[in-house]
Amino acid sequence: MPVPTTQVFTAIEKNVKIIGRTHYYNDVLWLALSGSGVEFSFYGTKAEITIVGDAIALTGNNLARIGISVNGKRVIDDQLNNPSTTYTVFESDTEQEITVTVIKLSEAAMSTAGIQEISVNAAGGIKPAPDKIHTIEFIGDSITCGYGVDDEHGLHSFSTATEDVMKAYAFLAAQQLEADYSMVSYSGYGIITGYTENDQKLTTHLIPDYYERVGKSEGRFDNTLLPQDVRWDFSKFVPQLIVINLGTNDDSYTKEDTDKQTEYEQEYVEFLKMVRRSNPHAPILCTLGIMGDRLYPYVEQAVNGYTRETGDSNISAMKFDVQLEADGYAADFHPSQSTHRKAADKLAAHIRELMGW
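Residues numbered from 1 in each chain as written. Predicted model: local features only at pLDDT ≥ 70, side-chain atom pairs only at ≥ 80, totals over all residues. Heavy atoms only, no water.

> How would you explain the nonpolar core if you had to name every residue and give the values?
The biggest cluster of nonpolar side chains holds 45 residues, and the ones touching the most others in it are Ile139, Ile244, Tyr264, Tyr268, Phe271 and Cys286. When contributions to this core are tallied by element, the ones reaching two or more residues are β4 (28-31), α3 (207-210), β13 (241-245), α5 (258-278), β14 (284-288) and α6 (296-310). The dominant element in this core, judged by the number of residues it contributes, is α5, at seven residues. Contacts of Cys286, omitting those with residues within four sequence positions, involve Ile244, Tyr268, Leu272, Val299, Val303, Ile315, Ser316, Ala317 and Met318. (Core = buried A, V, L, I, M, F, W, Y, C linked by side-chain atoms within 4.5 Å. Buried < 20%, exposed > 50% of the residue type's maximum accessible area, 1.4 Å probe, protein only. Helix = DSSP H or I, 4+ residues; strand = E, 2+ residues; numbered from the N terminus. Contact = heavy atoms within 4.5 Å.)

> So what's going on with the environment of Asp259? Which residues, and what values?
The topology assignment puts Asp259 in helix α5. Among the residues examined, Asp259 registers a relative accessible area of 63% and is labelled exposed. Spatially, the C-alpha atom of Asp259 lies 52 Å from that of Lys14, the residues being 245 residues apart in sequence.

> Please give an account of the pairing of strand β5 (residues 37-53) that cites residues and values.
Buried residues dominate β5, accounting for 14 of its 17 residues. For strand β2 (residues 17-19) and β5, the ladder comprises three bridges, and the chain directions are antiparallel. Bridge assignment links Ile18 to a residue of β5, and that residue is Val38. One ladder, built from 15 bridges, connects β5 with strand β8 (residues 84-104); its direction is antiparallel. The residue of β8 that forms the bridge with Ala47 is Phe90. For β5 and strand β10 (residues 126-128), the ladder comprises three bridges, and the chain directions are antiparallel. Bridge assignment links Phe40 to a residue of β10, and that residue is Pro128. By the bridge criterion, eight bridges tie β5 to strand β9 (residues 113-121) in an arrangement that is antiparallel. Within the sheet, the bridge partner assigned to Ile51 lies in β9 and is Ile115. (Pairing = 2+ DSSP bridges.)

Next comes the structure, spelled out in structure tokens:
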């Protein structure tokens with residue numbers, strides 16, 4: 001039997017299923033946000049994928065982490081420390097039916113990565129993986145990113161090397177629900193402030209400032225284009241449900257101060273209006289609680305206030321269980337893998353009931 005000739009493809013929609021927010025620029029599909037990537041299938045004997053980095057790849061610091069899976073099993077787990085790397089992800093003497101998934105495991109703020117080309121020995125080429133049954137957008141912070149989940153030592157600090165969105169509650173819940181997802185998540189970000197230790201607002205780290213953008217990063221696509229300079233086209237992914245998990249970082253500033261907590265509530269209402277403008281039909285589910293639930297009553301009040309103000313009742317709230325010491329902690333006392341699994345179970349069960357899935 002003749003060996004299929006090598007065919008080379010770019011990561012565009014006719015060839016691959018796009019996962020999350022991405023941006024095609026100078027013949028490369030660029031990934032910034034956690035969980036963004038592609039999925040495709042082919043029948044053949046070999047697959048290679050060339051991934052390019054940004055200028056951060058040469059610094060050795062907070063490099064982009066990429067996971068590549070073949071038929072659901074991770075075969076490549078790497079941090080990009082070169083401008084370009086070609087990975088052989090599958091090779092066999094016999095033709096096989098193969099599905100390849102490429103996911104950016106680390107978050108947007110530090111670094112970006114691009115899929116330059118996909119090369120396969122397959123007579124029929126590659127085709128996009130089928131869509132799943134449902135679609136969900138998750139908006140969150142470090143918890144959604146899977147901050148430190150591979151470093152279960154509470155006193156250790158942040159590194160993209162120990163961040164894995166595929167082990168975090170949102171990704172796991174989407175899997176349980178057979179849902180395609182899009183993540184908009186940034187560690188340390190909030191509604192009125194980013195995480196702060198000095199009682200001063202950190203206004204550079206606000207989700208509302210970047211929600212309508214492809215991403216926000218130090219790393220530039222092709223070392224020229226910042227993701228925050230590209231508006232996101234909301235028609236590219238239309239979620240059936242939006243899950244928001246924001247407030248953990250705001251709580252570092254609001255603490256027990258009722259005025260500050262009320263400001264969070266008021267700005268949360270404004271953010272809900274922004275989300276609704278871009279997603280006119282999706283139910284919105286507002287959650288909080290995994291790393292503390294002190295602000296949760298203000299989430300509920302924001303939901304009620306938003307409905308009163310706009311007449312839009314297609315919105316609700318759910319409180320997560322606060323993480324338990326017995327389940328361990330990841331870096332900087334973030335949720336452990338065990339805590340993420342419990343949170344995913346709770347969220348998936350709630351969504352099934354809420355959405356009738």
